[in-house]
Every structure is written in structure tokens, then in C-alpha cells.
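Structural description and commentary
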Amino acid sequence: MTKITIFSGFLGAGKTTLIQKLIREGYMGEKLVLIENEFGEIGIDGGFLQDAGVEITEMNSGCICCSLVGDFGKALEQVLEQYHPDRILIEPSGVGKLSDVIRAVQNLHVPDVELDGFTTVVDAKKCKMYQKNFGEFFNNQITYASCLILSHTVGLSQEKLNDCVKRLRTYNETAPIVTTEWDQLTGAQLVAAMTQKNTLDKELQSLLEEATKTHEPESYHDHEHHHGHEHDENCTCGCHNHDHHHEHDEDCTCGCHDHNHTHHHADEVFTSWGVESPRTYTQEEITAALSALEDADTYGMVLRAKGIVPAADGSWIHFDYVPGAPDVRTGSAGTTGRLCVIGSGIHENALAALFQTK
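Described in the following lines is the structure provided in the data block.

Conventions adopted
- In every chain, residue numbers begin from 1 and rise along the written sequence.
- A pLDDT threshold of at least 70 governs which residues receive local features in this predicted model, and a stricter bar of 80 or more applies before side-chain atom pairs are shown or counted, although totals over entire chains, interfaces and linings include all residues.
- Computation of side-chain values: all heavy atoms of the structure, hydrogens and water removed.
- In these notes, a set of buried Ala, Val, Leu, Ile, Met, Phe, Trp, Tyr and Cys residues joined through side-chain atoms within 4.5 Å is what counts as a nonpolar core.
- A simple rule labels every residue: compare its accessible area, found with a 1.4 Å probe on the protein chains alone, to the largest value its type can have, and call it buried under 20%, exposed over 50%, or partly exposed in between.
- By definition, residues are in contact when any of their heavy atoms lie within 4.5 Å.
- Only one rule defines a salt bridge in this text: a Lys or Arg side-chain nitrogen within 4 Å of an Asp or Glu carboxyl oxygen.
- Secondary structure elements are defined from DSSP: runs of H or I of at least 4 residues count as helices, runs of E of at least 2 residues count as strands, and each element is numbered from the N terminus.
- Following DSSP output, two strands are said to pair if at least two bridges run between them.
- Note on definitions: angles span 0 to 180 degrees between N-to-C directions of axes, and those axes are lines fitted to C-alpha atoms, for helices only across the stretch in contact.

Quick notes on the nonpolar core
The tendency in soluble globular proteins is for nonpolar side chains to be buried as a group. Counting 44 residues, the largest nonpolar core has Ile-6, Phe-10, Val-122 and Leu-168 as its most contacted members. Sequence-distant contacts of Val-122, that is, excluding residues within four places in its chain, are made with Ala-13, Cys-127, Phe-138, Ile-142, Leu-148, Ile-149, Leu-150, Ser-151, Cys-164 and Leu-168. Core analysis: the next-biggest nonpolar cluster, separate from the first, contains 22 residues, Leu-293, Tyr-299, Val-309 and Ile-317 among them.

Quick word on the pattern of salt bridges
This model, assessed by the stated rule, comprises nine salt bridges. Note that Arg-87 and Asp-116 form a salt bridge whose closest N and O atoms lie 2.8 Å from each other. Placement of Arg-87 in strand S4 (residues 87-91) and of Asp-116 in strand S5 (residues 113-123) is noted, with a sequence separation of 29 residues between them. For the pair formed by Arg-87 and Asp-116, the shared burial category is buried. Across the pair Asp-320 and Arg-329 runs a salt bridge, and its minimum N-O distance is 2.9 Å. Among the charged side chains, a salt-bridge network with shared partners connects Arg-304, Asp-320, Asp-327 and Arg-329.

Regarding unusual backbone geometry
Although it is not a glycine, His-84 sits at a positive phi angle of roughly 45°. Within the secondary structure, His-84 sits in the loop between helix H3 (64-83) and S4. With a relative accessible area of 59%, His-84 lands in the exposed category. Positive phi, close to 60°, is recorded for Asp-112, a residue that is not glycine. When you line up the elements, Asp-112 lands in the loop between helix H4 (98-106) and S5. Given a relative accessible area of 54%, Asp-112 falls into the exposed group.

What about H4?
Buried residues dominate H4, accounting for eight of its nine residues. Every buried residue of H4 is listed here: Leu-98, Ser-99, Asp-100, Val-101, Ile-102, Arg-103, Ala-104 and Val-105.

Things to note about the sheet that holds strand S8 (residues 271-277)
Here we have five strands laid out as an open sheet, ordered S8-S12-S9-S10-S11, and antiparallel in their pairing. Strands at the two margins of the open sheet, each flanked by one partner only, are S8 and strand S11 (325-331). In this sheet, adjacent strand axes meet at a mean angle of 10° when their direction is disregarded. Pairing of strand S9 (residues 301-310) with strand S12 (residues 337-344) involves seven bridges; the strand directions are antiparallel. When the sheet's bridge partners are listed, Gly-307 is paired in S12 with Leu-339. Packed onto the sheet, helix H11 (residues 283-292) meets S9, strand S10 (316-322) and S11 and runs at close to 160° relative to S11.

Here's what the structure looks like:
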């Protein structure tokens, strides 16, 4: 029997960090395979996890919905046939919908496979902002989770932690919520929280009921992407107008990114810029570039950046960025330098100039 565990979470929430901890402490002795579904042209996280001896299957480019019902299902079947793992860890894109991933697994109809849990990692410091501005995607990941694990709780006030939990309970009344800092928990404790069967059964039943409703379901293959009105260059509805905002903090209520009111695919709302480059950098250059990404007027609303690039001194620089929280460090070598930026209304030429890749 192969167990399948899904790790959902909005951009930069900490899915990869949680997976690394569980590989070390929670899934010892199991033959593991990780399937990633990156949004964008350049996949980065696979390099971080290969060091742990986990097989990587990356699926990049294209519409998220296509990856989930097409390449995604095929990749799962190939992994089962080729590796016969004890457990498959699925890390969807941070801008994917958890309900889509669960359905893709349910639709496999492959024997000896068990859906063991679908956990959502939530950045407690950014919960309010993401819920207001990207609710369609963020709330879906909350609603269908069988367990919610909070990240970035260090230094968070009790008031803000309570507010985060209250917001999550609005969309999911039953899933256990882990609020303790991860360093204080063992992998076994986290696995126990993630695999409470009563919440698993509840969410699967909810999906089943939704699928059998009499109204016409949203088509996963509808690439015309019609959702009630057109969004062309003359559209004045404002839902994709990102030019007039200077910053988006946790209290942002601008509404221009609020996608609760309709059904979008990820590639309608989010864009990515990625590049492979042998250019060398210093840590100071990368740190300065990540700080510059806070300028939404120049670079668009950047929600996530990550990369592995060669350093001028012969080492390799690994970096991660979510708004207000850059992380630059040294790490293992890559085959070539790779950078990826994900956001809404991002300006590719400005990013290329910032990282001097042209």
C-alpha cells in the first residue's frame, strides 16, 4: 500500500521546510518520492530536497489545471510503477487549489493507494493579507485541509495569532490547527496531527458531495477561461489593475486582488519570471535585489522569489523571499544558476535588469 500525503500552502508558507523536517523525523525508514508542481518555467525547490535522497519529479510550465488533470496524474502513475514507494509526498504550487489536487488523486483509480492526509501550511503573519487579496486560492487551501499547520509564529503577538486561528476557523471548523513552533515538536507529533482520520473522511465526503451537485461543474479543461466577463487591455473592472498600489501589507484592503467573487485559474491571476544564468553574484547583491522587490511600482506585486546562483567566491548562494522576509544563505551547488519570481502583475524587464540577467 502506497500512502499519498499532500502538502498545500500559499507562496512562501514553508511547505518545503516542513517536508524536510518530516523526512528527517517523521518518515524514517520509508521509501519516499516527492512530486512537485511548480508554477512557472524554472523549478527551484527540487534541488533543496535531492540532498535528502528523495526522488524528484518536477512538472513546470503551462496552466495549473492542465498539470493537475493531465501531466500530474500521469506522473503519479509513473512514480507508482517505477519506484513502488511507501509514500508519495505531493507539493503543489503555492497558487494551486487544494481541492483540484485531491480530486486528481481520487481520479487515479489505482489499486493499493491510500490518501493519507492533505495538510495546508499557513504563514500566520500573512494570513490576513493573503485572505483579503487572494481569497479564492488561499481560502480553498484552508477549506479542504485535513490539518492546518501554522508557520512563522515566532515573534507573533497572541492577539495576531488568535486572529489568524479565527480566520482559519471561518473556512474550516474541524481540521486540527498546529500553532506550536515546529522546533518544539517532533516529526511524530506532526504526523499524528496530519493523519486524524475523522477530518480526512469529512473533507473527502465534502468533495464527493460537491462533485455530485446538479449544477454544471467548473471545467478543468476550459482554456477559453470565460468567467462572466472578458479581461482585455481595455477592461476597467479593476480586478487585475495592479498599477496604482505602492505597497500591500497585512492590512491592505484595496480589493484589486480579491478573487473571492468568481472562479479563476492560477495563470489568470499569477505570473512568473524565471531564468537560468551562469552569472556570479555576491550575497550583498542578492540581498539588495531582494530588498528592492518591495517596490511594487517598479517590479509588480512580488509574492515569492527563490533561487540557487553561483557566488563570486566559488560557493553557491541559495535565497528565498516573501514580502518583508528575505533569506540569503550558502548551500549546495547547482548545475547552473536558476532564479524564479512569482507574483501578480510582475514586470519581467525590470526583474531582468535587477538581477542583471540580460
